[in-house]
Amino acid sequence: MSRDAYSLTGMGWGNRFSFQRTLAELLGKRWMEAVVPAALLIGVIAYFGLTTEGFFTSSNGQTMSQSVAELGLVALGMTIVLVGGGIDLSVGAVVAVVNSCALIMYKQLEWPVLVVAVVSIGIGAAMGGVNGFLIAFLKTRPFITTLVTLLAYRTIAEFIDEDYSSKLALLSRFDDSWTFIGAGRIAGIAMPLVILIVVAAVIHLLLSRSRWGWRVTAVGSSRTSARRAGMNLAVITASTYVVSGALAGASGLLIASRLEQTSARTGQGLEFSVLTAVVLGGVSLAGGRGTAMRALIGTLVVCVISQGLILQGKERYLFQVVLAIILLVFAAIDLKWGKNRGKAIQKIYLVPGRFKIEKSPDIYEPGSVWALNDKLTGAQAIGRDVLDGPEDVVVDRHGNIYCGDRRGYLWRIPGAEGEPELLARVGGHPLGVAVDADDNVLICVAGMGMYQVSQTGAVSGVSTEVRRTWYRVNDDSAIRLADDLDVTDDGIVYFSDASTRFDGDEFFLDLIESRPNGRLLSYDPSTGKTSVELRNYAFPNGVCISHDGQSVLINSSNLYRIDRYWIKGPKKGQLEPFAVNLPGIPDNINRASDGTYWVAFAGMRTPSWDLACKLPGFRRRMIKEVPTDEWLLPNLNTSCVIKVTEQGEVLESLWDGQQRDHAVITSMREYDGYLYLGGLTNNRLGRVKVNEVEDHDSKQLEGAGQR
Amino acid sequence: MTNTTKTPTVAAVRRRLLSGDQGYIVGGLLLLIILVASVTLDSFGSTTNLLNAARSASTLGILAIGMTVVVISRGLDLSVVMTMGVTSAFVVQYVVNGNAELAGLMWAFVIALMLGLVNGVLVAYVEIPALFVTLATALLYLGIFRMAYLKTEIMTVPSEAHFMRWLGRDSVIGVPNPVWLFALSAGLVGWLLSRNLGRYLYALGDNPEAARLAGLPVRPLTVFTYLVSAVAGFVGGISLVSVSGSVDLRTVAAGTLLYDVVAVVVIGGVSLAGGRGSIGGVVCAALLIGVIGNVMTLLNFDTIQQALAKAVIVMFAIVLDSVLHPRDEETARVGEL
Amino acid sequence: MTRKIGALRLAVWLAVSVVAISACTSGSGGGNSSSSDGSGGLPAVSTPGKVITQTLENVKGKKVRMVLLSDANALQQSWIDRAKIGFDESGVDFEYTVSNYDNQVLAQQVQTVIDQKADALIVQNSDVSGLASLIKKAQDAGIYVIVLNLGSNAQSDAFVGPNWDGMSAKLATRVADDCTKKGNKEVAIISGFGSDSGSVLAVQGATRVFKDKGMKIVATQPGQYDPSKAGDVARTLLQQNPNLCAFLGNWDGMMLGVSKVVHDAGKDGDIGVYTMDSSIGACKAISEGTLTAAVNYGGGTAMGDSAVAITQYLMQGGVKAGSSKTAVFTATTIIDKSNADEPGSCYDTPPGWSKK
């Protein structure tokens, strides 16, 4: 529906796309972390599928599903422990002990299968409980503690093996439900796999939806915060080990039912395979991050490699070597990436582009409208040293002045002589201010969207998100840099979102990037819907409804132009130039009392920046090699206000020749013969008389329906 | 004169005792157990038995000395036992293949350095936590050597290996050679730790960030500790193989020697938190573990009971260590010690 | 003495062929004549040249897979070596894998062989009841299963290995005789995993004989087929039983660890160490006096050859997998100081051994 304004940049289709930008945006995505292991999984499956005979057979699938289930259960337990900020190396030995115990219960004691299953899992949980007690309550180090319990449990397994293995080998008992656990099928799927899927689903729900899961994640992410939030760290930590032990017990039960064989060697080196699987799947060793899905992906990769190498008849040692290398590589990636992720993305996120820009008109030509003057010098200061960064200013029909503040305030000043009073703490820097028919103040807040502030100071969100563009990697549903707004007689609010890629305090990065990242939005109060009117617009800044209410004028700070976008009448939906190749950076635009428009130039163009705009490589090197405070930026120090006719003709310019009180002028409003001046970095508002005639019409310049 | 030289020593001992230097406690415990065991167990007190205990403790002691250097610098080398296994197996296989023993020993030394270098670089430069690095490299080294060079897992030291045969069987001045090797290693590393380099290692273990800000070459120092550990693995391996007359990689891979090494280091007062401990304490702890093993055998503990007892002792030592030198749980991460 | 060894080899071959013939007759007796359906076997009358062509034709391209616990010992290395040579010469596609004593991997490897639809599976089983269902499954899939050395509760098409019970009884008799001479009755048995058929049957046979002869068994403990583990066990037993007369175990690789412990304790000769199987290490130890006696049961090359022979037979005979159950026992000879130096008493790692 929205209109594409890309052509205004004067560049071709090829410039729309940037591999680097897409990559940076992709890397910023959380789900990308699962892409690498998933790609690896596809890779190893493809490799073994192509090189190994008999890999893609259903019987091989059945064979693998058993090992996947046995490894997967333990991996899920390990995931929970890792998410909780611990580690459990004793799992392999727990599997061995439970395997032997289950067989003793089944074969020698001849207990019912259900009892055997429950007790087996209970034994695993108890062994996990010992780990949990030592680590959570005695405060020992997880790695070394579980390494030692690994030894202790392994010794117990050997003890059982020594006493029972020869006896058990000669006993046999047949029970359908017992064989069913290890080798049965439900709807053609091997029973172990069914168990794994069910357990994985439960673990997924526990981790992502339950109070316990959230607490485990909280403890793993930051113990300090979790403690301050009143959580019982010891209990939560201990519970993760109990779960891990219970799942290892379940795995031991599966092995017992499948192999019916006691051996102290069962599960030897399992901790290593499991650790490799989960780390590879993207469960972070640093705690707090991990899902059941990732654990399963990692498990699959490890099992595919294991089975593939068996099919190829390779030595078992090769599997170990491959696992060790994978563990090292992925641990390095995990920890390095976790540490430097932000930095890395930041480094490549900004991708300078190019605009076609005409040569700037000569403002030094004698007698031109650009001649420097002192019309703004000596402007009356309002709220000096009280206000900080009033980017935009508006005066309502009662003569109240409203302006934003970079500390996140909205000020109300009762007339030019009044003291500023704090109307509301908005929470973000209001960049655009307007008043609607009911005297509510509408503001565009950087990083937040469009908000409404009532005369009592109540703040409420009006428009904070739009429908996401499906083909963009970056989520553009949030309104990142709402900049200016105006309201039509119908109450529809048109407002600009200057950048979909950079936040308010980084607006200059968008200027450096020089790509059309902005858009014009409209909000219809009758439907409550926000829609995109113009997309791919280069830094849309000021927005102003024309005097006849048929069109919207938009300033492009980056392309030094003003465009007219028709919202009514025969040309509805069309975009046409209003004033192009201006010598300054247009910021806000507002109606003047005489049927013309006021436009604020936040700064004048410089030949150096014009040149830089044509050289993306130059800017790329600059941001890489030069410290931020020495970057070449658009000039935002020499400001002026100009008057433009309905036809886009510049009539006059107003300057503060001394450049002292109003170094930056980003907005202006005419009210009752006076022009009110706002500036992004100023410590005051300014007021100068521009009209000798007391013109009552001009009082009604602002406010919807007040025209 | 005697007074002036003695007083500071006495004061130092008292200070260390008051500050709770574990080495002294362990030393006292060692003497106590030896005394009690000599009185109550007939076969214990004999010189042969004591020398045997010392001999069986020497391999453990040599490995523990290497590990001490790593742990003082706040690392841990789980691959030291495997380094020991593959380097000693390499020497035996090399000689079995009909090559000169000396060349085999030199090659094995070079290999040990390379294995240590891999560990060190992965820890110091790639910044993977030491535990994960050494857990993985232990399997990596075994796998690579088994596939590439070693024909079997169990090999007997051939009679051509004169040096190893001498090392394992003979003694100098009545003390078995491995014990000399142990003493020599302890002396060398003890001396090293008392030099500037040693102080750097303590500083590194106590507070790596402060050490870095103070201008210490933190990364090369870390690599150095793993080199020391790997060399200790090599020396300990030669000692073990010489004494036992055979090399058995299956036992190395599945055995409990690693736990004994960790136990000795922790019991010896080298905190896993880094920056603490002395070689004296570790030597005492190695002898203590050796004597305890010896006593357990004399008391008819079977291997499984011994392993369980060891696990309990190690666990006790670790719990004690975490009570005496608590880590900052708030900032601790998995993989850190 | 050379003749004795020659006789031993001959005996092995005889045993194989006798059983083979008997199995063959039972197969055809069952009306499952193979030559008639053309799936194998040889015509009743033919020239020797044609026999060769026909035989090679019959087995060519057949897939034989061997799954072993390890390939790090002369025992398994000999089997592999003989199988490689034997099968390669007749054009059989042969490969082997090892599980490194990991039961899960062993099961996975056997399952994989079934998935690969091999023609025959030769497996060394670590547990009498383990693999039972897999052996059955393999036979159902038409794969001949030959269990090597360590048997299984589930009946395979053929078992190739010693009569563990009988061999153990034979060795135990020798132990009892030696100990009686010394006037000492205490013996200790060290088995393998404890749950494998070698351990179970060897313990059974030895225990029976020891009881009959009035010996006192002080302990029966598994040594995990691991010299260090067995050595640890022996060390403790030595401490606990100062009057011990002998250790009896069922694998030389493991018992060499025991003999070393006995040697270190300075009790060479006082305490006898008796083992089954005779790799070169055993002969050396016997010559050096640290090992008392070993049983040569054809553990190396002979058993490998037997396995190849019976596999070839099964594949040619056309008998349906799982329908005939055969056991082939190898011949046994006791090796002691008197014959340890004889060539053929012990086997070594095959010359030029390398993996794969």
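Model, not experiment: these values are computed from the prediction.

When helices and strands are counted, chain C shows 12 helices and 12 strands. By residue count, 60% of the 356 residues in chain C fall in the buried class. Restricting to contacts in chain C with at least 6 residues of sequence separation, those with at least 24 account for 76%.

On to the interface of chain C and chain B. Taken residue by residue, the interface counts 15 residues in chain C and 14 residues in chain B. Contributing elements (two or more residues each) for the side of chain C that touches chain B: α9 (227–240) and α10 (252–264) of chain C. Here the element with the most residues in the side of chain C that touches chain B is α9 of chain C; it accounts for eight residues. Of the residues contributing to the side of chain C that touches chain B, the split by class is four nonpolar, seven polar and four charged.

The subject of this paragraph is the interface of chain A and chain B. Each side of the interface is counted separately: chain A has 39 residues, and chain B has 36 residues. Counting residues per element, the ones that place at least two in the side of chain A that touches chain B are α6 (142–170), α10 (223–228) and α14 (316–349) of chain A. Top element by residues in the side of chain A that touches chain B is α14 of chain A. It accounts for 12 residues. Residue composition of the side of chain A that touches chain B, grouped by class: 23 nonpolar, nine polar and seven charged.

Turning to the pairing of strand β23 (residues 640–644) of chain A, a few remarks are in order. All names here are of chain A. Within β23, four of the five residues are buried, which leaves it mostly tucked inside the rest of the structure. Examined bridge by bridge, strand β22 (residues 597–604) and β23 share five bridges and lie antiparallel to one another. Across the sheet, the residue bridging to F601 is C640, located in β23. Between β23 and strand β24 (residues 650–655), which pair antiparallel in sequence order, lie five residues; one of them, G648, sits at a positive phi of approximately 90°.

To continue, consider the sheet that holds strand β16 (residues 529–537) of chain A. All names here are of chain A. Reading across the sheet, the five strands line up as β1-β16-β15-β14-β13 and stay open at both edges, with mixed pairing between neighbours. Across the chains shown, the open sheet's two edge strands, defined by having one partner strand only, are β1 (3–4) and β13 (482–487). Pairing of strand β14 (residues 493–497) with strand β15 (residues 518–524), which is carried by five bridges, proceeds in the antiparallel orientation. Bridge pairing in β15 places S496 opposite L520.

Residues and elements named next belong to chain A. What the four strands build is an open sheet, ordered β17-β18-β19-β20; its pairing is antiparallel. Each of the sheet's edge strands pairs with one partner strand only, and the pair in question is β17 (540–545) and β20 (575–579). On average, adjacent strands in this sheet sit at an angle of 30° to one another, irrespective of strand direction. Note that strand β19 (residues 561–566) and β20 share four bridges and pair antiparallel. In the strand pairing of β20, I562 is matched with A579.

All names here are of chain C. The share of residues in chain C with pLDDT of 70 or more is 88%, and the mean pLDDT across the chain is 82. Per-residue pLDDT stays below 50 along residues 18–39; that stretch engages in 26 contacts with residues further than four places along the chain or on separate chains. At the level of chain-chain contacts, confidence expressed as ipTM amounts to 0.84, with global pTM at 0.76.

All names here are of chain A. Between helix α3 (residues 58–83) and helix α8 (residues 191–209), whose axes approach to 8 Å, the crossing angle comes to 15°. Relative to α8, α3 is oriented roughly parallel. At the point where α3 passes α8, the crossing takes the left-handed sense. Residues S65, Q66, V68, A69, E70, G72, L73, L76, I80 and V83 of α3 lie in contact with α8, whose contacting residues are P192, L193, I195, L196, V199, A200, I203 and L207. Of the residues that constitute the contact of α3 with α8, the class distribution is 14 nonpolar, three polar and one charged.

Before going further, it helps to spend a moment on the environment of G404 of chain A. Residues and elements named next belong to chain A. Structurally, G404 is set in strand β6 (residues 400–405). The sequence separation of G404 and T22 amounts to 382 residues, and the corresponding C-alpha distance is 35 Å. The contacts of G404, once residues within four sequence positions are left out, are P390, E391, D392, L410, H429, P430, L431, V433 and I443.

With that out of the way, let us pick up unusual backbone geometry. One non-glycine residue, R74 of chain B, lies in the positive phi region at around 60°. Counting through the fold element by element, R74 of chain B comes out in the loop between α3 (47–72) and α4 (80–96). The backbone phi angle of N100 of chain C is positive, close to 50°, even though this residue is not glycine. Within the fold, N100 of chain C resides in the loop between β2 (93–98) and α5 (103–115).

Predicted confidence across chain B gives a mean pLDDT of 84, with 90% of residues reaching 70 or more. This model gives residues 1–6 of chain B a pLDDT under 50, and the stretch forms zero contacts once residues within four places in sequence are excluded.

The next subject is the environment of R620 of chain A. With respect to the secondary-structure elements, R620 of chain A resides in helix α17 (residues 616–625). Considered as a pair, R620 of chain A and R564 of chain A are 56 residues apart in the sequence and their alpha carbons are 32 Å apart.

We now examine the packing of helix α9 (residues 211–221) of chain A against helix α11 (residues 233–259) of chain A. Residues and elements named next belong to chain A. For the pair α9 and α11, interaxial distance at closest approach is 10 Å and the crossing angle is 105°. Taken together, the axes of α9 and α11 are roughly perpendicular relative to one another. Contact residues: R215, V216 and V219 in α9; L233, I236, T237 and T240 in α11. Classifying every residue of the contact of α9 with α11 by side-chain character gives four nonpolar, two polar and one charged.

What counts, and at which threshold
Residues numbered from 1 in each chain as written. Chains lettered and ligands numbered in written order. Predicted model: local features only at pLDDT ≥ 70, side-chain atom pairs only at ≥ 80, totals over all residues. Helix = DSSP H or I, 4+ residues; strand = E, 2+ residues; numbered from the N terminus. Buried ≥ 20, exposed ≤ 12 C-beta atoms within 10 Å, placed from the backbone. Contact = placed C-beta atoms within 7 Å. Nonpolar A, V, L, I, M, F, W, Y, C, P; charged D, E, K, R; others polar. Pairing = 2+ DSSP bridges. Axes fitted to C-alpha atoms, helices over the stretch in contact; angles between N-to-C directions. pLDDT = per-residue confidence, 0-100. Parallel < 35°, antiparallel > 145°, perpendicular 65-115°, else oblique. Left-handed = near helix turned anticlockwise from the far one by under 90°.

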